[in-house]
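Structural overview
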Amino acid sequence: MINDTIKVLTDLQEIDVKIHALEEEKRKKPLVLEEEDKAVTILKEKLASLQSSHKDSRKEIDQKELFLKEKEDKVLKLNVQLNTIKTNKEYSTLQHEISGVKADMSVLEDEILGFFSRAEQIQKDTESAQKELEVALKKRDEVAKEVNAAVAEVDKALGELYVKRSEFAEKVPSGFMTIYEKIIAHTVNKTALAQVIEEVCQGCFMDVSPQEINELMRGKDIIRCRSCSRILYL
Ligand SMILES: [Zn+2]
């Protein structure tokens, strides 16, 4: 009687170990996708930052161009003034002022050129980041498809195993199922039974006493390991 129960329970355990492994596989499969999502997020952030730099650059150019326009207007005004000048001293003071404004203009022009070439570089970087993002999104989609297919396959196998499990569970005499479930809830590898080989429990590798071995051989009751609580069998 006990031996029959042990037999059904070991069969059940075999199924549960497989179920546990597949559930783990199912849990881990989408983790690959997280990596792809991370790559996409990083690229999106990079692109957003480049776009914002491009905007800033354009703003900077507009502002400098406005300053330049103001300086041009000022030079025009000063040149008009130059025609109305009476003394040499006034003339040279005004000339000096015009040269100063022109020097400022030259600095502004250089700055504008600098901003233009920076904006151009940002534009190039933006385009390549966009391409990188497209590639990453495509890869993410492919990986998602693979993951979904793999998960579907695992689900199918799990479905079959769960059906098989309930068939086996029905064969377990009442009371034993509760004990079995309680033990597997606490073991990492989801095993509730352990064979005894050379007086050692194969679940936790602790010694089993000769008296317990005798009781196991008698096969009247279930004997549980004193260390790991697993149901022992020979
Ligand atoms: Zn044990």
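Procedures and definitions
- Per chain, residues are indexed from 1 in the order of the written sequence.
- Local features in a predicted model are, by the rule used here, given only for residues with pLDDT of at least 70; side-chain atom pairs are given and counted only at 80 or more, and totals for whole chains, interfaces and linings are based on all residues.
- In computing side-chain values, all of the structure's heavy atoms are included and hydrogens and water are not.
- Metal donors: N, O and S atoms at distances within 2.8 Å, or within 3.2 Å for Na, K and Ca, with water omitted from the atom set so that some sites may seem incomplete.
- In these descriptions, tetrahedral denotes four donors with every angle between 85 and 135 degrees, square planar four donors and octahedral six donors with opposite donors over 155 degrees apart and the rest between 65 and 115, and irregular any other case.
- Numbering goes from the N terminus for both helices and strands, where a helix is a DSSP run of H or I of at least four residues and a strand is a run of E of at least two.
- Under the scheme applied here, a residue whose accessible area is under 20% of the maximum for its type counts as buried, over 50% as exposed, and between as partly exposed, the area being computed with a 1.4 Å probe on protein chains only.
- Domain delimitation follows an automatic or database domain assignment.
- At least two DSSP bridges between two strands are needed for those strands to be called paired.
- A contact between two residues is defined here by any heavy atoms of the two lying within 4.5 Å.
- Between N-to-C directions, angles span 0 to 180 degrees; the directions come from axes that are lines fitted to C-alpha atoms, helices contributing only their stretch in contact.

1. Some words on the coordination of the zinc ion
Bound to the zinc ion on the protein side are C201 (SG), C204 (SG), C225 (SG) and C228 (SG), at distances that span 2.2 to 2.3 Å. One way to put it: the four donor atoms around the zinc ion meet at angles of 101 to 113 degrees, and that makes the site tetrahedral. Sequence spacing of the donors to the zinc ion: C-x2-C-x20-C-x2-C. Of the two residues, C204 sits in the loop between strand 2 (200-201) and helix 5 (210-218) while C228 sits in the loop between helix 5 and strand 3 (231-233), which places them 24 residues apart along the sequence. Judged by relative accessible area, which is 24%, C204 ranks as partly exposed.

2. Topic: the domain arrangement of the chain
For the chain, the assigned domains read domain 1 (29-168) and domain 2 (178-233). Here the C-alpha centre of domain 2 lies 67 Å away from the C-alpha centre of domain 1.

3. Here's the deal with the sheet that holds strand 1 (residues 193-197)
Strand order in the open sheet formed by three strands is 2-1-3, and the pairing between neighbours is mixed. Edge positions in the sheet fall to strand 2 and strand 3, since each has one partner strand and no second. With three bridges joining them, strand 1 and strand 3 adopt parallel strand pairing. Counterpart to A194 in the pairing with strand 3 is L232. Here helix 1 (residues 2-28) sits on the sheet and contacts strand 1 and strand 3; the angle it forms with strand 3, its principal contact strand, is near 110 degrees.

4. Things to note about the environment of A129
Tracing the chain through its elements places A129 in helix 3 (residues 88-171). Note on A129: relative accessible area 0%, which makes it buried. Considered as a pair, A129 and V188 are 59 residues apart in the sequence and their alpha carbons are 45 Å apart. If we skip the residues at most four places from it in the chain, A129 touches K46, L47 and L50.

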